[in-house]
Amino acid sequence: MLASFLAAWKDRDMRKRLINVFLGFTAFVFMVHITVPGVNRDLWKAMLDKGELFEFLGMFTGGALNNFSIVAMGITPYINASIIMQLLTVVVPKLHELQKEGGEQGRRQINQYVRYGTVGLSLLQAIVMVVSLMRYRSPDGQVIFNTLGAPFLYGLTLICALTAGTLALVWLGERMTEHGIGNGISMIIFAGIVLKYPEYLHNTIALARHSSNQFQSAVQLLFFALITLALIVAIIMLTQAIRKVPVQYAKKVVGRRVTGGQSTYLPIKVNNAGVISIIFAISLLYLPSTIITFLNLDPTTPFMTFFMKIMSHQHWFYNFLYFALVIFFTYFYSAITFNISDIADNMKKYGGFIPGIRPGRNTVEFLNKIMGRITFISAVALGFIAIAPNIIMTWTGVTSFYLGSTSLLIIVGVALDTMQQLEARAVMKNYQGFMKK
């Protein structure tokens with residue numbers, strides 16, 4: 001990886017693209033620290049500490065939500081718009097046709113729809129967020145916003161600022177994609193996660209230094225690091241794993257030429273759902289506690305005490321429910337995004353077939369059988385990866401370093417994708433140079 005980076009840095013065009021990526025990171029960090037005025041920081045911090053969903057969302061913003069900056073909503077509305085559009089392309093025939101046969105123009109049109117959806121979702125999320133927080137009152141009567149006697153004008157300004165901040169991040173991500181390396185939106189999410197790690201590391205080391213038994217704390221940290229490294233290796237293996245289905249193309253005689261006849265394979269990723277299934281599951285799990293925080297319910301009642309106990313990260317019921325939801329959403333998302341019928345039709349259209357399997361319905365049934373086995377492996381693996389951080393933090397006692405399975409999957413996925421694109425561009429450069437000679 002380091003050798004590929006150094007080789008890319010020596011090339012003028014690649015160096016320019018890498019510099020553009022780092023400039024994009026710099027702009028993102030700058031926006032994270034442009035805070036919104038009139039916020040009661042102490043009350044906002046106390047509210048964040050009580051809401052686990054806020055902790056999950058703040059993980060993707062690099063501390064912007066904690067600072068209540070203009071990019072406090074992060075890139076979440078764009079992610080939601082992309083997921084919704086991906087689901088709509090499955091159920092809406094016009095969008096499915098546009099994605100399947102529209103080519104480059106169709107892709108641009110769908111991206112434009114995603115932008116429109118991002119504007120709408122950003123505005124909706126900002127309105128819900130601002131209105132809810134303006135109505136919030138602490139037990140001692142404190143409010144989060146100091147509206148200076150003009151609540152409507154302050155709220156409208158805040159809604160516009162938060163919406164504009166998200167749209168600015170989307171624009172920045174698209175510029176990084178165009179003039180940099182890798183997917184700019186993914187790189188911004190990557191940066192938002194990594195920005196929090198120095199703080200986690202500092203807090204963890206500080207707690208270990210002030211511990212009464214420093215040797216035990218050092219052993220716990222070492223154990224935590226080793227298990228985390230093993231978890232990262234497992235995530236890399238799951239991300240890179242593919243099932244190669246052999247495909248044979250029949251020979252065709254066109255005039256005096258014979259075309260086709262080559263053997264290739266159909267690569268099916270083991271982890272088709274990616275990180276989406278974990279995001280769906282964890283958002284659903286954190287939703288009740290967030291509603292409780294907004295409604296300011298009394299946590300001392302018997303029902304609330306029992307509910308908060310079973311929904312804690314250390315409780316077996318929470319981890320079992322988390323594991324089951326990840327499996328469900330993995331099956332659900334894989335089923336709607338991986339269209340086996342289209343793949344079988346395209347293979348038949350171009351004269352391709354799986355050796356020993358007849359084209360058409362038999363191919364669909366064969367691929368469905370393979371896909372079922374792959375999805376089972378992926379779902380179980382993602383389920384264990386999802387609950388692994390909770391188990392690791394419980395075993396080692398290291399709770400100050402927020403180790404999220406979602407963040408690890410995103411970091412590994414973005415890093416691998418970026419390095420693959422970096423190497424692909426380097427190969428293309430060398431190939432073009434060879435052709436010129």
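Above: the structure in question.
Throughout what follows, the structure given in this document is the object of discussion. (Residues numbered from 1 in each chain as written. Predicted model: local features only at pLDDT ≥ 70, side-chain atom pairs only at ≥ 80, totals over all residues. Heavy atoms only, no water.)

## Describing the overall build of the protein
Within the protein, the secondary structure is distributed over 18 helices and five strands. Burial statistics for the protein: of 437 residues in total, 41% are counted as buried. Considering only contacts in the protein between residues 6 or more positions apart, those separated by 24 or more positions represent 74%. Summed over its atoms, the accessible surface of the protein is roughly 24300 Å², and 66% of this surface lies on carbon and sulfur atoms. (Helix = DSSP H or I, 4+ residues; strand = E, 2+ residues; numbered from the N terminus. Buried < 20%, exposed > 50% of the residue type's maximum accessible area, 1.4 Å probe, protein only. Contact = heavy atoms within 4.5 Å. Areas by Shrake-Rupley, 256 points an atom, 1.4 Å probe, with all protein chains shown as cover.)

## Examining the pattern of salt bridges
Overall, the coordinates contain five salt bridges when judged by the stated rule. One salt bridge connects D13 with R17, and the closest N-O pair in it is separated by 3.6 Å. Linking D13 with R17, this pair stays in helix α2 (residues 12–32), spanning four residues, or about one helical turn. Overall, the relative accessible area of 31% leaves D13 in the partly exposed class. Residue classification places R17 among the buried positions, given a relative accessible area of 16%. Ionic pairing is found between R175 and E178, a salt bridge with its closest N-O pair at 3.1 Å. Taken as a pair, R175 and E178 lie in helix α9 (residues 151–179) at a separation of three residues, close to a single helical turn. Given a relative accessible area of 27%, R175 falls into the partly exposed group. (Salt bridge = Lys/Arg side-chain N within 4 Å of Asp/Glu carboxyl O.)

## Observations regarding the environment of N146
The residue N146 is located in the loop between α8 (103–135) and α9 in this model. Overall, the relative accessible area of 47% leaves N146 in the partly exposed class. The spacing of N146 and V39 is 107 residues in sequence and 6.3 Å in space, taken between C-alpha atoms. Setting aside its immediate chain neighbours within four residues, N146 contacts G38 and Y154.

## With respect to the sheet that holds strand β4 (residues 263–269)
Where strands meet in a sheet, backbone hydrogen bonds hold them as pairs that are either parallel or antiparallel. The three strands lie next to each other as β4-β1-β5, forming an open sheet whose pairing is antiparallel. The open sheet has two free edges, formed respectively by β4 and β5 (352–353), since each of these has just one partner strand. Of the pairings in the sheet, the one linking strand β1 (residues 242–249) to β5 comprises two bridges and is antiparallel in character. Among the inter-strand pairings, Q248 is bridged to a residue of β5, identified as F353. Where helix α17 (residues 361–396) meets the sheet, its contacts fall on β1 and β4, and the angle it forms with β4 comes to roughly 40°. (Pairing = 2+ DSSP bridges. Axes fitted to C-alpha atoms, helices over the stretch in contact; angles between N-to-C directions.)

## Details of the nonpolar core
By size, the foremost hydrophobic cluster in this structure holds 81 residues, and its most contacted members are I268, Y322 and L367. Among the elements that make up this core, the one with the highest residue count is α17 (12 residues). Setting aside residues up to four positions removed in sequence, I268 forms contacts with I242, R243, V245, F338, L367, I370, M371 and I374. Among the nonpolar cores identified, the runner-up in size contains 21 residues, and V39, A126, V130 and I159 belong to it. (Core = buried A, V, L, I, M, F, W, Y, C linked by side-chain atoms within 4.5 Å.)

## Observations regarding the pairing of β1
For β1 and β4, the ladder comprises seven bridges, and the chain directions are antiparallel. Bridging from a neighbouring strand, K244 pairs with P267 of β4.

## A closer look at the packing of aromatic side chains
Aromatic ring pairs are described here by two measures, namely the spacing of the ring centres and the angle between the planes. What the rule picks out here adds up to 10 aromatic pairs. Measuring from centroid to centroid gives 6.4 Å for F22 and F25, while their planes differ by 70°, and the two rings are edge-to-face. Here the residue F22 and the residue F25 both occupy positions in helix α2, the gap between them amounting to three residues, near one helical turn. Residue F22 is classed as partly exposed on the basis of its relative accessible area of 40%. (Phe/Tyr/Trp six-rings, centres within 6.5 Å; stacked < 30°, edge-to-face > 60°.)

## Some details on the packing of helix α12 (residues 214–240) against α17
α17 packs onto α12 with a crossing angle of 175° between their chain directions and a minimal axis gap of 10 Å. Between α12 and α17, the angle is such that the two are roughly antiparallel. Every residue of α17 that contacts α12 at Q220, F223, F224, I227, L231, I235 and L238 is listed here: A381, L382, I385, A388, P389, I392, M393 and T396. Its residues placed into classes, the contact of α12 with α17 shows 13 nonpolar, two polar and no charged. (Parallel < 35°, antiparallel > 145°, perpendicular 65-115°, else oblique. Nonpolar A, V, L, I, M, F, W, Y, C, P; charged D, E, K, R; others polar.)

## What about the side chain of S277?
For S277, the location among the structural elements is in helix α13 (residues 276–295). In this structure the side chain of S277 is engaged in a polar contact, spanning 3.1 Å, whose partner is the side chain of T330. With sequence-adjacent residues up to four places away left out, S277 is seen in contact with V326, F329, T330 and L382. (Polar contact = N/O pair within 3.5 Å; in protein donor to acceptor, adjacent residues only side chain to side chain.)

## A closer look at the packing of helix α6 (residues 76–91) against helix α15 (residues 316–337)
One way to put it is that α6 packs onto α15 with a least axis distance of 9 Å and a crossing angle of 55°. In terms of axis orientation, α6 runs oblique to α15. From α6, Q86, L87 and V90 reach across to α15, where they touch Y333, I336 and T337. Class assignment of the residues belonging to the contact of α6 with α15 gives a composition of four nonpolar, two polar and no charged.

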